[in-house]
Amino acid sequence: MNMDGIEMEWTTSTFGYLSTPVFVVGIACYFFPDFLYKIFVLIRYREIKPNHEFEDNPPNSDIPKHIEIILKVLGTIMVILGIIWFWFSEEFYDFLF
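Because the structure is predicted, anything quoted here is derived from the model rather than measured.

Basis of the calculations
- All residue numbers here refer to positions counted from 1 along the written sequence of the relevant chain.
- Confidence filtering applies because this is a predicted model: local features only for residues at pLDDT of at least 70, side-chain atom pairs given and counted only at 80 or more, and all residues used for totals across whole chains, interfaces and linings.
- Processing note: side-chain calculations cover all non-hydrogen atoms of the structure and skip hydrogens and water entirely.
- A pair of aromatic rings is counted whenever rings of Phe, Tyr or Trp (Trp by its six-membered ring) have centres within 6.5 Å, and the orientation is called stacked for planes under 30 degrees apart, edge-to-face for over 60 and tilted otherwise.
- Here the term buried applies to any residue with accessible area under 20% of the maximum for its type, exposed to any over 50%, and partly exposed to those in between, with areas from a 1.4 Å probe on protein chains only.
- Distance and angle both matter: a charge sits over a ring if NZ of Lys or CZ of Arg is within 6 Å of the ring centre and within 35 degrees of the ring normal.
- In this analysis, a patch consists of residues with relative accessible area above 30% that form no salt bridge, clustered at 9 Å for like charges and at 5 Å for the nonpolar side chains Val, Leu, Ile, Met, Phe, Trp and Tyr.
- All accessible-area figures derive from a Shrake-Rupley calculation using a 1.4 Å probe, and residue coverage is judged against the displayed protein chains alone.
- Salt bridges are identified by distance alone: a Lys or Arg side-chain nitrogen within 4 Å of an Asp or Glu carboxyl oxygen.
- Each helix is a run of H or I in the DSSP string that is no shorter than four residues. Each strand is a run of E no shorter than two, and both are numbered from the N terminus.

Concerning the packing of aromatic side chains
Line of reasoning, step 1. Within this structure, the stated rule accounts for one aromatic pair.
Line of reasoning, step 2. Geometrically, the ring pair formed by Y30 and F31 is edge-to-face, given 5.0 Å between the ring centres and 90° between the ring planes.
Line of reasoning, step 3. Residue classification places F31 among the exposed positions, given a relative accessible area of 53%.
Line of reasoning, step 4. Of note, K72 hangs over the ring of Y30, and the distance from its end group to the ring centre comes to 4.9 Å.

Have a look at this one:
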């Protein structure tokens, strides 16, 4: 098996396709870090203890301050990247003009 990877050509429309998901995930990371952390803790807990029928007391899922800051910074970076990528996309100019 030869696995050279995925060859992808970076064009102006590629930035348009990537800008919207990056922007939406950035908004989710910035405004809902506690919700994302609770989901992650619950998924990790269910992998450790798969017998959720018998035991249903998930761990305390209060978000630590440093993880909240990291998620908010990551969300800000993703929102800025989404805006910049949309600005340089072909769809922006088709939409504008």
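Here we look at a nonpolar patch on the surface
Line of reasoning, step 1. A surface patch of nonpolar side chains, amounting to about 610 Å² of accessible area, comprises Y30, F31, F32, F35, I39 and I43.
Line of reasoning, step 2. When residues in the nonpolar patch are grouped by element, the largest group, three residues, is from helix 2 (residues 33–48).
Line of reasoning, step 3. Within the secondary structure, F31 is located in helix 1 (residues 12–31).

Keep in mind these values describe shape, not function.
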